Amino acid sequence: GEISSQLHGGYSHPLARAWQAERQLTKSMLIYPIFVSDQDDEETAIAALPNQRRFGMNRLVPFLEPLVRKGLRSVILFGVPLQPGSKDQLGTAADDPNGPVVRSIRLIRQRFPQLYIVADVCLCEYTSHGHCGILRDDGSLNNAMSVDRISDVAVAYAHAGAHCVAPSDMNDGRIRAIKLKLIEEGLAHRVMLMSYAAKFSGCLYGPFREAAGSCPSFGDRKCYQLPPGGRGLARRAIVRDINEGADVIMVKPAGQYLDIISDAKELGKDLPIAAYQVSGEFAMLHAAAKAGVFDLKIAAMEAHDSILRAGATIIVSYFTPELLDWLDN
Ligand SMILES: NCC[C@H](CC(=O)O)[C@@H](CN)CCC(=O)O
Ligand SMILES: [Zn+2]
């Protein structure tokens, strides 16, 4: 029969346009990155990350209270050890029971029982060399030692009360190692394992590294984060991590990797897919809005809607505080 070339009628009204979207951004999809330091009374603005601050233990609760009231559901914690001498070759401070991450997990569990706590697991903030693992003499990652150490740190955060551990190190086999240790420790029933399965090396992490003091002291992360052109490699990493026991697959960065998000959704069709809109993406949107390229809210919403369209239903976003307001109106 006659087919119609007329599509306009299906989206001529704002509500009809909203209906065209397969999923809508909601507050419960958002995870807000929080930088916690070992200087208990500090609250320091992070120049490279507009509107973001670094908090000591005593500043965390007053900061989170209004956000929880506005509907914040989840945070991801990044420790920033500022104490001189707290960094060494093994990243010993990462699972220090008196360290900022363990202490803030306990504090948040106690003060905001409804808040879902994701603990980022890595060594780069705690190692003197700034790499995401333990190094061999030749400067490359010692995979076995790094995986063993990373999985110990993940278990320490889980014991402290983290609902979810998210290893952002990109060492081979860390998902399997963490899953096995969570099982051995009798924690696997209550701790989600969120894998940064497809995390790409590139230029978009600069503001974060400035905030967290986690720049590599030499070289780069190109031998363990994925090469930006490696779509097949990312598919293989996603399949590997699903098979090793990941409960969630994360893609990072997000905006320049939407095809990888849709690959993750295809390969992990039975898992929730997360995406991290990283510090460089966030700073870029702010800088462009400041330069008058577009309205910040409209651009940020469009960027988040694109991440959803690609297949993510969990978004790690520095825009979370604004989104808690924007999604209400
Ligand atoms: N463990 C790596 C941290 C990594 C940045 C880096 O490669 O240094 C990300 C944190 N998981 C950066 C996140 C961001 O840029 O927002
Ligand atoms: Zn790292």
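Residues numbered from 1 in each chain as written. Chains lettered and ligands numbered in written order. Predicted model: local features only at pLDDT ≥ 70, side-chain atom pairs only at ≥ 80, totals over all residues. Heavy atoms only, no water.

Structural notes on the overall build of the chain
Moving on, step 1. From N to C terminus, the chain includes 11 helices and 10 strands.
Moving on, step 2. In terms of C-alpha radius of gyration, the chain reaches 20 Å, essentially the compact-globule figure of 20 Å for 329 residues.
Moving on, step 3. C-alpha atoms of the chain, sized along the principal axes, occupy 70 × 40 × 40 Å.
Moving on, step 4. Residues counted as buried form 55% of the 329 residues belonging to the chain. (Helix = DSSP H or I, 4+ residues; strand = E, 2+ residues; numbered from the N terminus. Rg over C-alpha atoms; globule rule 2.2 N^0.38 Å. Buried < 20%, exposed > 50% of the residue type's maximum accessible area, 1.4 Å probe, protein only.)

Thoughts on the nonpolar core
Moving on, step 1. Among the nonpolar cores identified, the biggest contains 108 residues, and I34, F35, L64, Y157 and V165 are the most heavily contacted of them.
Moving on, step 2. At 7 residues, helix α4 (residues 143–160) tops the list of elements feeding residues into this core. (Core = buried A, V, L, I, M, F, W, Y, C linked by side-chain atoms within 4.5 Å.)

Notes on the coordination of the zinc ion (ligand 2)
Moving on, step 1. Protein-derived ligands of the zinc ion (ligand 2) are C122 (SG), C124 (SG) and C132 (SG), with the metal-ligand distances lying across 2.1 to 2.3 Å.
Moving on, step 2. Every donor counted, the 4 donor atoms about the zinc ion (ligand 2) form angles of 100 to 117 degrees at the centre, which fits tetrahedral coordination.
Moving on, step 3. Of note, the donors binding the zinc ion (ligand 2) are all from one chain and are spaced C-x1-C-x7-C.
Moving on, step 4. C122 sits in the buried class, given a relative accessible area of 1%. (Donors = N, O, S within 2.8 Å, 3.2 Å for Na, K, Ca; no water. Tetrahedral: all angles 85-135°; square planar, octahedral: opposite > 155°, others 65-115°.)

Comments concerning the confidence of the model for the chain
Moving on, step 1. On average, residues of the chain carry a pLDDT of 97, and 100% of them reach 70 or more.
Moving on, step 2. Both scores are available for the predicted complex, with the pTM at 0.98 and the ipTM at 0.96. (pLDDT = per-residue confidence, 0-100.)

Digging into α4
Each turn of an α-helix holds 3.6 residues, which means side chains three or four residues apart point in the same direction.
Moving on, step 1. If you check α4, its first and last C-alpha atoms are 26 Å apart, about what 18 residues at 1.5 Å a residue would give, namely 26 Å.
Moving on, step 2. Taken together, the buried positions of α4 are S146, V147, R149, I150, S151, V153, A154, V155, Y157, A158 and A160.
Moving on, step 3. Close packing links the buried residues of α4 with α3 (100–111), β5 (116–121), β6 (164–167) and α5 (174–184).
Moving on, step 4. Looking at where α4 begins, the residue whose side-chain oxygen comes 3.3 Å from the main-chain nitrogen of A144 is N142.
Moving on, step 5. Positioned one or two residues after α4, G161 has a phi angle of 125 degrees, which is positive. (Expected span 1.5 Å × (residues − 1). Contact = heavy atoms within 4.5 Å. Polar contact = N/O pair within 3.5 Å; in protein donor to acceptor, adjacent residues only side chain to side chain.)

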